[in-house]
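Next come the chains, spelled out residue by residue.
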Number of protein chains: 2
Amino acid sequence: MPFAPSHILKPLPLGQVRIDDAFWSDRLETNRTITLPDVYQKCKKTGRIDAFKLDWKPGKPNQPHHFWDSDVAKWIEAAAYSLATHPDPKLEKLLTGVIDLIVKAQQPDGYLNVHFTVVEPEKRWSNLRDNHELYCAGHLMEAAAAHYEATGGREFLDAMRRCANHISSVFGRQKGKKRGYPGHEEIELALVKLYRATGEKRYLDLGRYFVDERGRKPLYFDVEARARGQDPKQYGAYHQADLPVRRMKTADGHAVRAMYLYCAMTDVASETGDKTLLAACKRLWKNVTHRRMYITGGVGSAKDGERFGADYDLPNETAYAETCAAIGLVFWAHRMLHLEPDARYADVMERALYNGVLSGVSLGGRKFFYDNPLTVYPRASDPARTGPSGHVRQEWFGCACCPTNIVRMLASLGRYVYSQGKNEIYVHLYAGGQAEFEIDSRKVRLTQKTRYPWKEKVRLAVHPEKPGTFTVAVRIPGWCRGASLKVNGRGVNLARITKKGYAKIKRLWKPGDTVELMLPMPVERIEANPNVRANSGKVALQRGPVVYCLEEIDNGPNLSEISLPADAALRAKYDKNLLGGVTVITGKARRRDDSSWKDCLYRPASSKTKVVSIQAMPYYAWCNRKPGEMLVWIRRG
Amino acid sequence: MPFAPSHILKPLPLGQVRIDDAFWSDRLETNRTITLPDVYQKCKKTGRIDAFKLDWKPGKPNQPHHFWDSDVAKWIEAAAYSLATHPDPKLEKLLTGVIDLIVKAQQPDGYLNVHFTVVEPEKRWSNLRDNHELYCAGHLMEAAAAHYEATGGREFLDAMRRCANHISSVFGRQKGKKRGYPGHEEIELALVKLYRATGEKRYLDLGRYFVDERGRKPLYFDVEARARGQDPKQYGAYHQADLPVRRMKTADGHAVRAMYLYCAMTDVASETGDKTLLAACKRLWKNVTHRRMYITGGVGSAKDGERFGADYDLPNETAYAETCAAIGLVFWAHRMLHLEPDARYADVMERALYNGVLSGVSLGGRKFFYDNPLTVYPRASDPARTGPSGHVRQEWFGCACCPTNIVRMLASLGRYVYSQGKNEIYVHLYAGGQAEFEIDSRKVRLTQKTRYPWKEKVRLAVHPEKPGTFTVAVRIPGWCRGASLKVNGRGVNLARITKKGYAKIKRLWKPGDTVELMLPMPVERIEANPNVRANSGKVALQRGPVVYCLEEIDNGPNLSEISLPADAALRAKYDKNLLGGVTVITGKARRRDDSSWKDCLYRPASSKTKVVSIQAMPYYAWCNRKPGEMLVWIRRG
């Protein structure tokens, strides 16, 4: 895989990375052996897969929805990633069967979308704003590229090329074409993947066109609404189509759409060297990560429209923070990192991965969160959050984007751990296993041993085929103060070699050289910017990259009544019997004495409190026992 | 006015009470001379009054809405109250003109509703659940009774009797009648008023029927939906029509509807002596005031459906707390008080009046709040609360129930101050002025002098025509600790004579006897029940009956960053130059230092804070200067 023109780093192909890790292996194994087949079964059962047979007729059940194709596509993508790391003839056969169905469902002109083939064929390409034809095509292209990379099979890739060619014949600036772009971004980044898989520049050009055309006047969504005989509705920034992408200053509108668009902008910038586009990406990055991101890496705070709220508007109980949006943030951070190797991107990637992404799937692998609030009160009156069990993971959703996204995210986790530079090896994340690099036509194997994020030590061993001079760049996480590093057992002055958050160890590496990194992990109380009014007077607990929360099962109800004195000692303790092994945080806190209240609603304030023991759990692991209240931001006091 | 059979107290007719008070007179004068004409003008301008000419035709502007009649009715009711205390020939003439229009709009069979006469006559009585025919008729009956009481004119009253007779011919349990009841309660309490004004028991019977029939199976709203050829929608408890009223245990559904229903239940219980109905009222009262009421007396916490939330679910920022619902709570408390003279009812009545009701209208008298949140952040992303100015009072609403409700509430304030018992005078509220009672056929004049709620002293003077033995019952407010009382300058042992919150002074009263009440008013920090999670770790400031808030104009933005140490001294200070004279609370509090944050969103917590001066304003007076943030519940710290 070549470097993109503006890439300083390139990701490693999935097949070159093996994860063998105390923390991740269980999760990835669950993902591969439980979630992946489970998502297939649910796609099958709900008719999403058989829909490609194109035999739906009015009156029959399971009318294909216009975004169903994307769910199957994401399952294929996940299955392909799985094959890249874990060959499995049975899975490969199943996959081939599904792909065959899809390829056969493609229309002679290359068009591919089940809904607009069998349900409303007359509406093809008539409403890019609301329908998801380009979005689905994009996911199918990503799936095809992944399948090609994993298996070398070209059938699906060729089908998606024909599909892309068809789309290219319909959309563009040339006379006779529609000057449209998708209402839900996705195809732009997929076209860049298709370009990278095939080398055909027309796909990059089409992706670039979609990015560039977006938000130009006259707004295409208005034009096509009028063509349908409808009044254009005012959607504001919902689809990020209210102004051209280079003029965007803040991350607005539907958060998943935004993340996919920013990924595509970064991709196009990486392939074209377009500095104005990169500047927009960096501006948007700052807006998201400095003002609009939860401590969990969740983004898109507003439930209404699943969208970004205003700067610092990060409510906890109504936090939407869709699992897909956190995944999108990981995608975007990973892309930015390859253009500009700066640990700030990897810090955000890690924050989202260990918290707002991983919370999206149960430890058992069969249940999912769509939205990821930071405070849950099952007894609240919000109808969407009410009920005896409150906010709990669900087995499936009518809009099933999150389960299918998380299965492909975890199946491709290896991509995010390392990158290869021109004469450099980058280590972004800490997870045991190994990876193969090629430096100056020399193979270099790197092994990693660690019990991160529970333990502070990471041990890397470098195994070049033969000795050679190159750089191993090791990320010093932003959350860490007082990191130290040894090479072959000798301490290194970190301050001197650290650049943009990476300790750059340039030396003549010989087989078996070791790097030992110590990342002190005290339990930290974290405070939020004073403009985040939801967190005034509160702290969150974090240890290493892991954000913690209180659950009712450990701490009783009315979690908001708990306050944590500044001087209360907090202790981290690994409990191997709890949920397959997690590090919990314990300590003493305070609660108001609630025994004398009875029916009184308001009374003159007393300052009487009692000491209580608390136990905090990793946020990602919440709601894997008895459902109940949950709280990330704890009152100081 | 006779006692209702189960009444221990009866209200004084409005004409027997004069308010001449440092706090209230300005507000009532504004209500009479500015709000009352202003509401008339807005009813006129929006077509609500001319709608009664019945000359609307399809295609013309100002299509009469099905609840428009009620706005005009409430204006008439307010105008009638105003005439009872402030004769005004010009107003009386204007009123007569409007009433003439209404009477002429009545159909030959007695039916009266503009919308269903000129817009959709075919839909008359076809959808009690959603349409507001009975609701409007109820308000017109209340208006007619008030007009009759104020002027003795019978024309409007007779028209509304014909209307009630018509309704009685349509609804009821007898064969051939519809077993319906209103989707928005109101007519039930109005029919009791009509009964009291006319002495005709059929109106009481009809009101009682509506109360009793409500929620019985088969549910009428389902029956009529099917008759319209529609699937019955599941509205749950929205209309309080999911179960019979005597089985209701919690206050649920639309809050204004609930309040009007509970008023009617109390009215019917007072006239019939129905103990099961009274028991239901008391159960609901406890649920509302022990678990579902804001400290301001606002009720109905959920914006979605303007309805009650679950027990203790009292969010501050999204508090709906409709002005009409607080007014409804005053109506209900006043009714309960006459069945069971207990200061707990008067405490709630006072709490709502000075806070959640009075906040509903600007000091200038021309702007109104429909909903009354307890925290406002203008820069929030909630679309309904966003915009440069945030949550500010509006000049009018498409649904104009609140302005018309507050104008009638304030115009009848005199009703709420005193009650007459069999051989007793009750003083519920403290407001300067005088009232005329009749005890044992003896006229007793009572004068009240006070600067309540700013000052602690209340001085009552009792002037019987001739000396006589009776009881003057003086409310010791629930918020007050350490009240003391003197009769003719001599201290009285309050504990010995206080019963259910009223100091009962039974003696031989001679003209000029005085009662002096001292109600100490320290600034109090109030805490909420630990189950009210929105107020965990917070206190509200209250002095006397007045609840305070912080406003941005006095305290800068990010009010949630302010924390109030338990030992910080708080001082009350009357500022005669501020908003026509208010008592403000000042003191020292703390804020995080926000100077070093810049673009950082999360960081290890520091406990550094700085001392800041704060000034709190009465909640009712907020948003009468530059709009901005507002906060009632302040963090402890």
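About the thresholds
Residues numbered from 1 in each chain as written. Chains lettered and ligands numbered in written order. Predicted model: local features only at pLDDT ≥ 70, side-chain atom pairs only at ≥ 80, totals over all residues. Heavy atoms only, no water. Helix = DSSP H or I, 4+ residues; strand = E, 2+ residues; numbered from the N terminus. Rg over C-alpha atoms; globule rule 2.2 N^0.38 Å. Buried < 20%, exposed > 50% of the residue type's maximum accessible area, 1.4 Å probe, protein only. Contact = heavy atoms within 4.5 Å. Areas by Shrake-Rupley, 256 points an atom, 1.4 Å probe, with all protein chains shown as cover. Lys, Arg positive; Asp, Glu negative; His and termini not counted. Charge placed at Lys NZ, Arg CZ, Asp CG, Glu CD. Pairing = 2+ DSSP bridges. Salt bridge = Lys/Arg side-chain N within 4 Å of Asp/Glu carboxyl O. Least-squares fit on C-alpha atoms with pLDDT ≥ 70 in both. Buried area = accessible area lost by both parts, 1.4 Å probe. Expected span 1.5 Å × (residues − 1). Bend = angle between axes of the 7 residues up to and from the residue. Axes fitted to C-alpha atoms, helices over the stretch in contact; angles between N-to-C directions. Patch = residues over 30% accessible without salt bridge, like charges linked within 9 Å, V, L, I, M, F, W, Y side chains within 5 Å. Domains from an automatic or database assignment. Parallel < 35°, antiparallel > 145°, perpendicular 65-115°, else oblique. Left-handed = near helix turned anticlockwise from the far one by under 90°. Nonpolar A, V, L, I, M, F, W, Y, C, P; charged D, E, K, R; others polar.

Visitor: When you look at the overall build of chain A in this model, what are you seeing that I'm missing?
Guide: When you go through chain A residue by residue, the secondary structure sums to 16 helices and 24 strands. On C-alpha atoms alone, chain A measures out to a radius of gyration of 25 Å, which is about the 26 Å that the 2.2 N^0.38 rule sets for 637 residues. Dimensions of chain A along its principal axes, counting C-alpha atoms only, are 75 × 70 × 50 Å. Across the 637 residues that make up chain A, the buried fraction comes to 62%. By sequence separation, contacts in chain A at least 24 residues apart represent 71% of the contacts at least 6 residues apart. Put simply, chain A shows about 23,100 Å² of open surface, and 50% of that area lies on carbon and sulfur atoms. For chain A, the separation between the mean place of its 99 positive charges and that of its 70 negative charges on side chains is 4 Å.

Visitor: So what exactly am I meant to see when it comes to the pairing of strand β20 (residues 582-592) of chain B here?
Guide: On any regular strand, side chains alternate: one points to one face of the sheet, the next to the other face. Residues and elements named next belong to chain B. Among the 11 residues of β20, 9 are classified as buried, and the element is accordingly described as predominantly covered. Linking two consecutive strands that pair antiparallel, namely strand β19 (residues 570-575) and β20, is a turn of 6 residues; a positive phi of about 50 degrees is found at Leu579 within it. In terms of strand pairing, β20 meets strand β22 (residues 609-618) through 8 bridges, oriented antiparallel. Bridging from a neighbouring strand, Ala589 pairs with Val612 of β22.

Visitor: Whenever I open this one, the pattern of salt bridges confuses me. Can you help?
Guide: Proximity of charged atoms lets side chains of opposite charge pair with each other. All names here are of chain A. Scanning the model with the defined rule gives 96 salt bridges over all chains in all. Across the pair Asp38 and Arg366 runs a salt bridge, and its minimum N-O distance is 3.9 Å. Placement of the pair is Asp38 in helix α1 (residues 24-45) and Arg366 in the loop between α13 (343-357) and β3 (375-376), with a sequence separation of 328 residues. When the shortest N-O distance is used, the salt bridge between Glu142 and Arg408 registers 3.0 Å.

Visitor: Hey, could you run me through the relation of the copies chain A and chain B in this one?
Guide: The operation linking the two copies of the chain is a rotation about an axis combined with a translation along the axis. Structural alignment of chain A on chain B gives an RMSD of 0.0 Å, achieved by rotating through 180 degrees and translating 0.1 Å along the axis. Interpreted geometrically, this transformation is the action of a two-fold axis. Among all C-alpha atoms of chain A, that of Gly637 of chain A lies closest to the rotation axis, at 3.4 Å. Looking at the interface residues of chain A, 100% of them are also at the interface in chain B, so both copies use one shared face.

Visitor: What exactly am I supposed to notice about the sheet that holds strand β6 (residues 433-439) of chain B here?
Guide: The pairing of strands in a sheet happens through backbone hydrogen bonds and is either parallel or antiparallel. Residues and elements named next belong to chain B. Reading across from one edge, β2-β6-β7-β8-β14-β10-β11 is the order of the 7 strands in this open sheet, with antiparallel pairing throughout. Where the open sheet ends on each side, the last strands, each with one partner, are β2 (17-19) and β11 (490-491). Relative to strand β7 (residues 442-450), β6 is paired through 7 bridges, and the arrangement is antiparallel. Bridge assignment links Ala435 to a residue of β7, and that residue is Leu446.

Visitor: I would appreciate a short explanation of the interface of chain A and chain B in the present structure.
Guide: For an interface, size is often stated in terms of accessible area lost upon the parts coming together. Contact with chain A, which involves 53 residues of that partner, is made by 53 residues of chain B. Taken together, the two surfaces of chain A and chain B that pack against each other cover about 4,300 Å², and 50% of this comes from carbon and sulfur. Inspection of the region where chain A meets chain B yields 7 salt bridges. Measuring nitrogen to oxygen at the nearest pair gives 3.1 Å for the salt bridge that ties Glu317 of chain B to Arg533 of chain A. Those elements giving two or more residues to the side of chain A that touches chain B turn out to be α11 (275-291), β15 (524-528), β21 (602-604) and β24 (634-636) of chain A. The greatest single-element share of the side of chain A that touches chain B, amounting to 5 residues, is contributed by β15 of chain A. Strand direction decides the pairing type here: β15 of chain A and strand β21 (residues 602-604) of chain B, joined by 3 bridges, are antiparallel. Paired with Glu527 of chain A across the strands is Arg603 of chain B, a residue of β21 of chain B.

Visitor: I keep staring at α1 of chain A and nothing clicks. Help me out?
Guide: In an α-helix, one turn spans 3.6 residues, which is why side chains three or four residues apart end up on the same side. All names here are of chain A. When the terminal C-alpha atoms of α1 are compared, their 29 Å separation across 22 residues agrees well with the 32 Å that a helix rising 1.5 Å per residue should span. Residue Asn31 marks the point of greatest curvature in α1, where the axis turns by about 40 degrees. Within α1 the residues assigned to the buried category are Trp24, Arg27, Leu28, Thr30, Asn31, Thr35, Leu36, Asp38, Val39, Tyr40, Lys42 and Cys43. The inward-facing, buried residues of α1 contact β2 (17-19), α2 (68-85), α3 (89-105), α13 and α14 (401-411). Just downstream of α1, Gly47 is the residue with a positive phi angle, here 90 degrees.

Visitor: What is the right way to look at the sheet that holds strand β1 (residues 9-11) of chain B in this model?
Guide: Residue and element names in this part refer to chain B. Strand order in the open sheet formed by 6 strands is β1-β4-β5-β9-β13-β12, with mixed pairing between adjacent strands. Unpaired on one side and paired on the other, β1 and β12 (498-499) mark the two borders of the sheet. Of the strands in this sheet, β1, β4 (418-421) and β13 (502-509) are in contact with helix α12 (residues 323-339), which crosses β1 at around 145 degrees. Where helix α13 (residues 343-357) meets the sheet, its contacts fall on β9 (468-475) and β13, and the angle it forms with β9 comes to roughly 50 degrees.

Visitor: Mind showing me how you'd approach unusual backbone geometry here?
Guide: Among all residues except glycine, the phi angle is most often negative; among peptide bonds, the trans geometry is most common. Cis geometry marks the peptide bond from Lys217 of chain B to Pro218 of chain B; its omega dihedral reads -5 degrees. Along the chain, Pro218 of chain B turns up in the loop between α8 (201-213) and α9 (220-227). Pro453 of chain B follows Tyr452 of chain B through a cis peptide bond whose omega is 0 degrees. Relative to the elements of secondary structure, Pro453 of chain B occurs in the loop between β7 and β8 (457-464). Notably, Asp440 of chain A is not glycine yet its phi reads approximately 55 degrees, a positive angle. Following the sequence through the fold, Asp440 of chain A ends up in the loop between β6 (433-439) and β7 (442-450).

Visitor: What should I look at first to understand the pairing of strand β10 (residues 484-487) of chain A in this one?
Guide: Residue and element names in this part refer to chain A. Here β10 shows a buried face lined by Leu485 and Val487 and an unburied face lined by Ser484 and Lys486. Relative to strand β14 (residues 513-518), β10 runs antiparallel, the two sharing 4 bridges. In the strand pairing of β14, Leu485 is matched with Leu517. Bridging between β10 and strand β11 (residues 490-491) involves 2 bridges; their strand directions are antiparallel. Looking across to β11, one finds that Val487 is bridged to Arg490. Adjacent in sequence and paired antiparallel, β10 and β11 are bridged by 2 residues, among which Asn488 carries a positive phi angle near 50 degrees.

Visitor: Help me out: how do you make sense of a positive patch on the surface in this one?
Guide: Residue and element names in this part refer to chain A. The grouping of Lys217, Arg247, Lys249 and Arg283 at the surface amounts to a positive patch. Tracing the backbone through its elements, the reader meets Arg283 in helix α11. Take Arg283: its relative accessible area is 31%, and that puts it in the partly exposed class.

Visitor: Would you take a moment to explain the domain arrangement of chain A for this structure?
Guide: As assigned here, chain A comprises domain 1 (46-242), domain 2 (243-254 + 266-415), domain 3 (418-518) and domain 4 (524-595 + 605-636). On a C-alpha basis, the centroid separation for the pair domain 1 of chain A and domain 4 of chain A is 44 Å.

Visitor: What is the right way to read the packing of α3 of chain A against helix α6 (residues 155-170) of chain A from this model?
Guide: Axis angle and axis distance: for two packed helices, these are the angle between their axes and the distance between the axes, and together they describe the pair. Residue and element names in this part refer to chain A. Running from N to C, α3 and α6 point in directions that differ by 25 degrees, and their axes come no closer than 10 Å. Relative to α6, α3 is oriented roughly parallel. In the packing of α3 onto α6, the handedness of the crossing is left-handed. Residues Ile99, Asp100, Ile102 and Val103 of α3 pack against Glu155, Phe156, Ala159 and Arg162 of α6. Grouping the amino acids of the contact of α3 with α6 by side-chain chemistry returns 5 nonpolar, no polar and 3 charged.

Visitor: Would you mind going over the packing of helix α8 (residues 201-213) of chain A against helix α10 (residues 255-272) of chain A with me for this structure?
Guide: All names here are of chain A. The geometry of α8 relative to α10 is characterised by a closest axis approach of 10 Å and an angle of 130 degrees between their N-to-C directions. Taken as axis vectors, α8 and α10 run oblique relative to one another. Helix-helix and strand crossings are classified by hand; for α8 and α10 the assignment is left-handed. Every residue of α10 that contacts α8 at Leu204, Gly207, Arg208 and Val211 is listed here: Ala264, Met265, Val268, Glu271 and Thr272. Of the residues in the contact of α8 with α10, the class split is 5 nonpolar, 2 polar and 2 charged.

Visitor: Help me understand the side chain of Ser362 of chain B, please; the structure alone is not making it clear to me.
Guide: Secondary-structure assignment places Ser362 of chain B in the loop between α13 and β3 (375-376). In contact with Ser362 of chain B, other than residues within four places in its own chain, are Arg27, Lys367, Arg393 and Asn624 of chain B.

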